[in-house]
Amino acid sequence: MNVSGELTQALVVAFSAAFTGNILLTKFLGMCPFLSVSRQVKTATGLGWAVIFVLTGTCMLNWAVYRYILVPLNLEFLRFILFIVMIAAFVQFVEMVLERYSPVLYQNLGIFLPLITVNCAILGASLFMVIRDYSFINAVSFGLGSGFGWMLAILAMAGIREKLKPERIPKGLRGPGITLIIVGLMALAFIGFTGVLSGG
Amino acid sequence: MNGTGQKRNSAKALAMEGLWDNNPIFRQVLGICSTLAVTNMVLNTLVMCVALVVTLSLSSMSISLLRKGTPRNIRMMVETLIIAFYVIVVDILLKAYWPEMSQNLGPYVGLIITNCIVMGRAEACATSQPPFTALVDGFFNGLGYGAVLLLIAVPRELLGMGTLLGHAMPYFSGPHWDKWIIMVMPPGAFFMLATAVWIFRSIQGDKQKEGAK
């Protein structure tokens, strides 16, 4: 394929990862931190950036590991363990680098990084990437798009929840109940983007 | 967590706790990440539940067996590896004997590893209890979790496709029933789960009030 064709494809992959196939709203990945950290826009932003960064990084890393280590050795079934170890190592490494060179960034992102290691969105994105057999460029744009989509969703959610605080909500619905209903409505809206992709 | 693993030791108490009182999804709203995605079909959900129950109970038992020999600071890593081991076994078995199902479930079997419930039970119970207690605890937590998933999956498939386990249901697949396609799409899962959490919390809230009086 020529260069422009590949770029277009990468763009499509990123767009669909962020909107029509949003990992949170349509693939249900990363729900735990989404439900617990979406009370304030400020913390949601921090977590969102951390997710974008780690997701893209680990997608690249895991792509290389899978392609150049696991496939040649016929050890594809070990990918679960290896991906988790790579993700943990990557997060640890980033944490150390940030602490050493950028204290400001470390203060903003630092507390979220360990949280992310167990985030299913990170492992999920790597597994999806393997299943769909992406090329390197597509893997990178998939990671970026997924992270962006996740951040978009959690930001929107945090904004809505801040507005929702003074409202009177039925008792049993408070907390996770109402959040889930809002997520459902958001998912509906995001699925609406499907037309853009197939029509364009 | 509300003092898990202190006084209750009998299997019955454990069962009650895992299935109802402290049901992982309703009470703790944990671990819905990886499994909600497969609730659009009852069959997929059943297979996923079996996979989860097997992994959860066996890994709880193994972690409990090894709890005395595991250094505290690398505990998490060991737990993750044990869980991953069982997940890989389940994944390979599925691939070998039921390839279509393995394809349907996609990456979600692998995502059991990062399911917070498995890790949560390992931390809360398996590291402090004898192997049998951990096994029972894992088994019923997995079952409680599976029950909720089925509760979500049955209406979704019935209303959305008019079928159950792939068989056409009398009224719902007929011409009088306008299929609710939305139910088999992702938003349907969120709405169903929200409804289930709402009902459960209302019932439990009433009970707690009575207890306080």
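Residues numbered from 1 in each chain as written. Chains lettered and ligands numbered in written order. Predicted model: local features only at pLDDT ≥ 70, side-chain atom pairs only at ≥ 80, totals over all residues. Heavy atoms only, no water.

Undergrad: Please provide a residue-by-residue account of the interface of chain A and chain B, values included.
TA: Of the residues lining the interface, 37 residues belong to chain A; the matching set on chain B comes to 37 residues. Interface area for chain A against chain B, summed over the two sides, is near 3100 Å², with a carbon-plus-sulfur share of 85%. If you sort the residues of chain A by the area they bury against chain B, Phe28, Phe80 and Leu180 of chain A come out on top, with a joint share of 22%. At the boundary of chain A and chain B, one finds zero salt bridges. Seen at the junction of chain A and chain B, the total is one residue pair in polar contact (both at pLDDT 80 or more). Elements that contribute at least two residues to the side of chain A that touches chain B include exactly helix H2 (31–36), helix H4 (79–101), helix H7 (120–131) and helix H9 (176–191) of chain A. It is H9 of chain A that provides the largest number of residues to the side of chain A that touches chain B, a total of ten residues. Its residues assigned to classes, the side of chain A that touches chain B comprises 28 nonpolar, six polar and three charged. (Contact = heavy atoms within 4.5 Å. Buried area = accessible area lost by both parts, 1.4 Å probe. Salt bridge = Lys/Arg side-chain N within 4 Å of Asp/Glu carboxyl O. Polar contact = N/O pair within 3.5 Å; in protein donor to acceptor, adjacent residues only side chain to side chain. Helix = DSSP H or I, 4+ residues; strand = E, 2+ residues; numbered from the N terminus. Nonpolar A, V, L, I, M, F, W, Y, C, P; charged D, E, K, R; others polar.)

Undergrad: So what's going on with helix H3 (residues 75–97) of chain B? Which residues, and what values?
TA: Since there are 3.6 residues in each turn of an α-helix, residues three or four apart along the chain are aligned in direction. Here H3 of chain B contains 23 residues, and its C-alpha end-to-end distance of 34 Å stays within 8% of the 33 Å for a straight helix at 1.5 Å per residue. When we look at burial in H3 of chain B, the residues that qualify are Arg75, Glu79, Thr80, Ile82, Ile83, Ala84, Tyr86, Val87, Ile88, Val90, Asp91 and Leu94 of chain B. If you follow the buried residues of H3 of chain B, they end up packed against H4 of chain A together with helix H2 (42–65), helix H4 (99–105) and helix H5 (116–126) of chain B. (Expected span 1.5 Å × (residues − 1). Buried < 20%, exposed > 50% of the residue type's maximum accessible area, 1.4 Å probe, protein only.)

Undergrad: Quick rundown of helix H3 (residues 41–73) of chain A? Include the residues and the values.
TA: Relative to the 48 Å expected for 33 residues at 1.5 Å per residue, H3 of chain A spans 45 Å between its end C-alpha atoms, a close match to the ideal helical length. Asn74 of chain A sits one or two residues past H3 of chain A and shows a positive phi near 65°.

Undergrad: Lay out the environment of Ala64 of chain A in plain terms, naming residues and giving numbers.
TA: Residue and element names in this part refer to chain A. Within the fold, Ala64 resides in helix H3. On the basis of relative accessibility, which here comes to 28%, the residue Ala64 falls in the partly exposed class. Expressed as a C-alpha distance, the spacing of Ala64 and Gly124, which sit 60 residues apart in the sequence, is 16 Å.

Undergrad: Quick rundown of the packing of aromatic side chains? Include the residues and the values.
TA: In total, this model carries twelve aromatic pairs over all chains according to the counting rule given. Consider the rings of Phe139 of chain B and Phe140 of chain B, whose centres lie 5.2 Å apart with planes at 85°: the pair is edge-to-face. Owing to a relative accessible area of 34%, Phe139 of chain B belongs among the partly exposed residues under this scheme. Lys27 of chain A extends its terminal NZ or CZ atom over the ring of Phe128 of chain A, reaching a point 5.7 Å from the ring centre. The cationic tip of Arg100 of chain A hangs over the ring face of Tyr101 of chain A; the distance from NZ or CZ to the ring centre is 5.1 Å. (Phe/Tyr/Trp six-rings, centres within 6.5 Å; stacked < 30°, edge-to-face > 60°. Lys NZ or Arg CZ within 6 Å of the ring centre and 35° of its normal.)

Undergrad: Requested: an account of the confidence of the model for chain B, with residues and values cited.
TA: Residues and elements named next belong to chain B. Mean pLDDT over chain B works out to 79, with 84% of the residues at or above the 70 mark. When mean pLDDT is taken per element in chain B, H2 scores highest with 89 and helix H1 (residues 11–21) scores lowest with 70. In the predicted structure, residues 1–8 sits below a pLDDT of 50 and forms twelve contacts with residues beyond four places in sequence or in another chain. (pLDDT = per-residue confidence, 0-100.)

Undergrad: Which residues make up unusual backbone geometry, and what values go with them?
TA: All names here are of chain A. Of note in the backbone geometry, Phe28 takes a positive phi value of approximately 60° without being a glycine. Its place among the elements puts Phe28 in the loop between helix H1 (3–18) and H2. Not every positive phi belongs to a glycine, and Asp133 is a case in point at roughly 60°. Mapped onto the elements, Asp133 comes out in the loop between H7 and helix H8 (136–164). For Asp133, a relative accessible area of 65% puts it in the exposed group.

Undergrad: Summarise the pattern of salt bridges; cite the residues concerned and give the values.
TA: Residues and elements named next belong to chain B. Summed over the entire model, instances satisfying the criterion amount to two salt bridges over all chains. In this structure, the salt-bridge partner of Glu79 is Arg75, at a minimum N-O distance of 3.9 Å. On the criterion of helical spacing, the pair formed by Glu79 and Arg75 is a turn pair, its members being four residues apart in helix H3. Here the two residues Glu79 and Arg75 agree in accessibility, since each one is buried. Lys95 serves as the salt-bridge partner of Asp91, at 3.5 Å between the closest nitrogen and oxygen. On the criterion of helical spacing, the pair formed by Asp91 and Lys95 is a turn pair, its members being four residues apart in helix H3. Classification of Asp91 by relative accessible area gives buried; the value is 6%.

Undergrad: Before we move on, can you summarise the side chain of Arg79 of chain A with the specific residues and values?
TA: In this fold, Arg79 of chain A is placed in helix H4. Summary of buried charges: Arg79 of chain A has no salt-bridge partner, and the nearest side chain of opposite charge, Asp91 of chain B, is 4.1 Å away. Beyond its immediate chain neighbours, meaning those up to four positions away, Arg79 of chain A contacts Tyr66, Leu70, Leu127 and Val130 of chain A together with Asp91 and Lys95 of chain B. (Lys, Arg positive; Asp, Glu negative; His and termini not counted.)

Undergrad: I'd like to hear about the nonpolar core, residue by residue, with values.
TA: Looking at soluble globular proteins, one finds that nonpolar side chains tend to be buried together. Membership of the largest hydrophobic core comes to 100 residues, with the highest contact counts inside it found for Phe34, Phe142 and Trp150 of chain A. Excluding residues that lie within four positions of it along the chain, Phe142 of chain A makes contacts with Val13, Ala17, Cys59, Ala125, Phe128, Met129, Arg132 and Tyr134 of chain A. Counting six residues, the second-largest nonpolar core is a separate cluster that includes Ile63, Tyr86, Ala122 and Ala134 of chain B. (Core = buried A, V, L, I, M, F, W, Y, C linked by side-chain atoms within 4.5 Å.)

Undergrad: Account for a nonpolar patch on the surface, naming residues and giving values.
TA: All names here are of chain B. A cluster of nonpolar side chains, Leu43, Leu46, Phe85, Val89, Leu93, Tyr97, Trp98 and Leu165, forms an exposed patch at the surface whose accessible area comes to about 770 Å². Looking at the nonpolar patch, the elements that each hand over two or more residues are H2 and H3. Within the fold, Leu46 resides in helix H2. (Patch = residues over 30% accessible without salt bridge, like charges linked within 9 Å, V, L, I, M, F, W, Y side chains within 5 Å. Areas by Shrake-Rupley, 256 points an atom, 1.4 Å probe, with all protein chains shown as cover.)

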